[in-house]
Amino acid sequence: MRKKIVAGNWKMHKNAEETEDLLNDLIDKLPNDVEAQIIVAPTFVNLASAVDHLEFTNIAVAAQNMHQAEAGAFTGEISANMLKSIGVNTVIIGHSERRAYFNETDALLANKVSTALKHDMVVIFCFGEELKDRQDNQHFNVVENQLRDGLFHIENKDWEQIVLAYEPVWAIGTGETASPEQAQEMHEFIRETVRKRYGNAIAEDVSILYGGSVKPENAGEIFSKPDVDGGLIGGAALKAEDFAKIVEAI
Ligand code: PEP
């Protein structure tokens, strides 16, 4: 069944104390009666404390990244097994900042997805075009290729573990949001692309989140579109009031 989801990507923000403060604030301010799944993704060092802190709430914890190998000589990296061992069952893979600043290619991301699925994790798979792609009218091609090369190696049964997050790079952290119509147009295309490859049931069931400068002021209109099933939120996830308003908008 297609779920409504609002996920907050905290990126490299909030130390241990600030993480606790924001979590307390969220527990205070988030509505209890929403049907949407709420997810927060603090930094690696604060994941374990976030899991403890949120144990009796309806807020799930996700990692922002993971390594594709099971274990080994990969200094500074974190494995799926490590995440699972502290109760983190969800991971964001393919965020545009990982693609741009850490050279994560579609082939590498495909590997990460496979490893996460092997460990029964939920994958929030991010993708989206750059400004130049849209100006050149290549945005649909770029998105189709990212899906094909990073994700479409998975089997039908794996889709229960997949959440898609369309994040046009030109809208991330820029204050520039895709219009609700642009978001709907692309989400419809994404669902169609999944349908062509995996069939109707999977296409209808998969949640497709929009990410890119979502704020309390624009969330309601974006979320009202039929193929937008929620949001992946960056900047506005760092303030409990704003995140709570975005959750209310769903
Ligand atoms: C993100 O980083 O996933 C994101 C959508 O950021 P922002 O909401 O700040 O644009």
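Computed from a prediction, not measured in an experiment: that's the story for all the values here. (Residues numbered from 1 in each chain as written. Predicted model: local features only at pLDDT ≥ 70, side-chain atom pairs only at ≥ 80, totals over all residues.)

### Here we look at the site of the ligand
Around the ligand, a shell composed of 13 residues is seen, among which Ile172, Gly173, Gly211, Gly234 and Gly235 lie nearest. Tallied by class, the residues present in the shell around the ligand amount to five nonpolar, seven polar and one charged. (Near = placed C-beta within 6 Å. Nonpolar A, V, L, I, M, F, W, Y, C, P; charged D, E, K, R; others polar.)

### Section: unusual backbone geometry
The backbone of Asn103 sits at a positive phi, close to 55 degrees, despite the residue not being glycine. Its place among the elements puts Asn103 in the loop between α4 (96–101) and α5 (106–118). Not every positive phi belongs to a glycine, and Asn137 is a case in point at roughly 60 degrees. With respect to the helices and strands, the residue Asn137 is situated in the loop between α6 (131–135) and α7 (139–150). (Helix = DSSP H or I, 4+ residues; strand = E, 2+ residues; numbered from the N terminus.)

### Things to note about the environment of Asn24
Secondary-structure assignment places Asn24 in helix α1 (residues 16–29). What makes Asn24 exposed here is the crowd of 12 C-beta atoms within 10 Å. When the C-alpha atoms of Asn24 and Ala240 are compared, they prove to be 9.0 Å apart, with 216 residues separating the residues in sequence. (Buried ≥ 20, exposed ≤ 12 C-beta atoms within 10 Å, placed from the backbone.)

### Some details on the nonpolar core
One finds Ala7, Ala62, Val91, Val123, Ile124, Phe125 and Leu164 to be the most contacted residues of the largest nonpolar core, which totals 71 residues. Setting aside residues up to four positions removed in sequence, Ala7 forms contacts with Ile39, Ala41, Ala62, Ile124, Leu209, Leu232 and Ile233. (Core = buried A, V, L, I, M, F, W, Y, C linked by C-beta atoms within 7 Å. Contact = placed C-beta atoms within 7 Å.)

### So, the environment of Thr19
Within the element layout of this structure, Thr19 appears in helix α1. Linking Thr19 and Ile154, residues 135 residues apart in sequence, is a C-alpha distance of 34 Å.

### Observations regarding the sheet that holds strand β5 (residues 122–127)
Here we have eight strands rolled up into a closed barrel, ordered β1-β2-β3-β4-β5-β6-β7-β8, and parallel in their pairing. Going across the sheet, the axis of each strand differs from the next one's by a mean of 25 degrees, ignoring polarity. Bridge count for strand β6 (residues 162–166) against strand β7 (residues 207–211) is four bridges, and the pairing is parallel. Residue pairing in the sheet places Leu164 in a bridge with Ile208 of β7. (Pairing = 2+ DSSP bridges. Axes fitted to C-alpha atoms, helices over the stretch in contact; angles between N-to-C directions.)

### Details of helix α11 (residues 240–249)
Taken as a whole, α11 has its buried residues at Asp242, Phe243, Ala244, Ile246, Val247 and Ala249. On its buried face, α11 is in contact with β1 (5–9), α1, β2 (37–41), α10 (216–223) and β8 (230–233).

On their own, these measurements won't tell you what the molecule is for.
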